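Now for the letters of each chain:
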Amino acid sequence: MHGLKSWATAMALLSAACSSPTQPAGVDQPGGPNTLTSAERMAGWRLLFDGITTAGWRGFKQATVPSGWQAVDGALTRTGGGGDLMTIEQFANFELLIQWQIAAGGNSGIMYRVSEAGDAPYLTGPEMQILDNGGHPDGASGLSSAGACYGLYPPSQDATRPVGSWNDVRLLVNGEHVEHWMNGVKIVEYDIGSPDWLSRVEASPYRDAPAYGREPRGHIAIQDHGDRVAYRNIKIKPLP
């Protein structure tokens, strides 16, 4: 009985370890949602969402946060219409960690280096697609499935967790080089301005958007696509 108990305990510990959110190497697992460890602070990480308020955010081309975006149960949540939400601050090079949870059939996105010179965030800022792959028509195409650089680069695999689960994103934007990570797996990698990038843009919905992907810095935006979506553990480490 003692051996059986030890085996059961070991299996329980293994299961708990495998189910915990994935963090990039060198970043400690935080003590809870929307918190930073002392090691993260020392490494230069900052929270972009405090889990309680919408401080630090505003609507695209708006002075305040639309009523359709609220802090709900520790998550920045799209509860109603109001348009895309973005950080007040702008960033050039950075590493971004964020968790997302989407409703069945839902669609959203995370955009970076967004400028308000365009009519919509996606016309300047490249988008990492957020999607219920199994419940939304966009899941049928790699170019519009979860984790894709929307319209340009498909993910190497579907690394999402079942709808309703929290998914872990790591977005690395460093100069021209960009990486999309989902749940610990690197699924997209590209270099903005490279011949491959330019040819893909020319064949994409952005071919007539001259400012797309050309901003050296800008806002980080999350998309209101008409569906309920929640984001939490939003933390950023600016890079030189």
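Only a predicted model underlies this, so the values are computations on that prediction, with no experimental measurement involved. (Residues numbered from 1 in each chain as written. Predicted model: local features only at pLDDT ≥ 70, side-chain atom pairs only at ≥ 80, totals over all residues. Heavy atoms only, no water.)

Caption draft 1: Structural context of the pairing of strand S11 (residues 185-191). Two strands pair when backbone bridges link them, and strand S10 (residues 177-182) and S11 are joined in this way by six bridges, in the antiparallel orientation. Among the inter-strand pairings, His180 is bridged to a residue of S11, identified as Val188. (Pairing = 2+ DSSP bridges. Helix = DSSP H or I, 4+ residues; strand = E, 2+ residues; numbered from the N terminus.)

Caption draft 2: How the structure looks around the sheet that holds strand S5 (residues 85-87). Strand order in this open sheet of five strands is S2-S5-S12-S7-S8, and the pairing throughout is antiparallel. Since the sheet does not close on itself, it has two edges, and those belong to strand S2 (57-59) and strand S8 (127-131), each with one partner. Strand after strand, the sheet turns through a mean of 20° between neighbouring axes, direction not considered. Pairing geometry for strand S7 (residues 107-114) and S8, over five bridges, is antiparallel. Note that in S8 the partner of Gly109 across the bridge is Gln129. (Axes fitted to C-alpha atoms, helices over the stretch in contact; angles between N-to-C directions.)

Caption draft 3: Summary view of the packing of aromatic side chains. In this structure the tally under the stated criterion is seven aromatic pairs. Look at Tyr153 and Trp197: their rings are 6.4 Å apart centre to centre, the planes differ by 20°, and that puts the pair in the stacked class. In this pair, Tyr153 is assigned in the loop between S8 and strand S9 (167-174) and Trp197 in helix H3 (residues 195-202), connecting sequence segments 44 residues apart. The same class applies to Tyr153 as to Trp197, namely buried. Taking 5.5 Å as the distance between ring centres and 20° as the angle between the ring planes, the aromatic pair formed by Tyr190 and Trp197 counts as stacked. Classification of Tyr190 as buried rests on a relative accessible area of 2%. Each residue in the set Tyr153, Tyr190, Trp197, Tyr206 and Tyr212 is aromatic and connected to the rest through ring pairs, giving one cluster. (Phe/Tyr/Trp six-rings, centres within 6.5 Å; stacked < 30°, edge-to-face > 60°. Buried < 20%, exposed > 50% of the residue type's maximum accessible area, 1.4 Å probe, protein only.)

Caption draft 4: Fine view of the pairing of strand S12 (residues 219-222). Residues of S12 alternate between two faces, with His219 and Ala221 on one and Ile220 and Ile222 on the opposite face, all of them buried. As paired elements, S5 and S12 share two bridges and run antiparallel to each other. If you follow Met86 over to S12, its bridge partner there is Ala221.

Caption draft 5: Structural context of the side chain of Ser108. Following the sequence through the fold, Ser108 ends up in strand S7. Residue classification places Ser108 among the buried positions, given a relative accessible area of 0%. Among the polar contacts listed, one links the side chain of Ser108 to the backbone oxygen of Gln223, at a separation of 2.8 Å. Those residues within four positions of Ser108 in sequence are excluded, and the remaining contacts are Ile102, Glu127, Gln129, Ile130, Gln223, His225, Val229 and Tyr231. (Polar contact = N/O pair within 3.5 Å; in protein donor to acceptor, adjacent residues only side chain to side chain. Contact = heavy atoms within 4.5 Å.)

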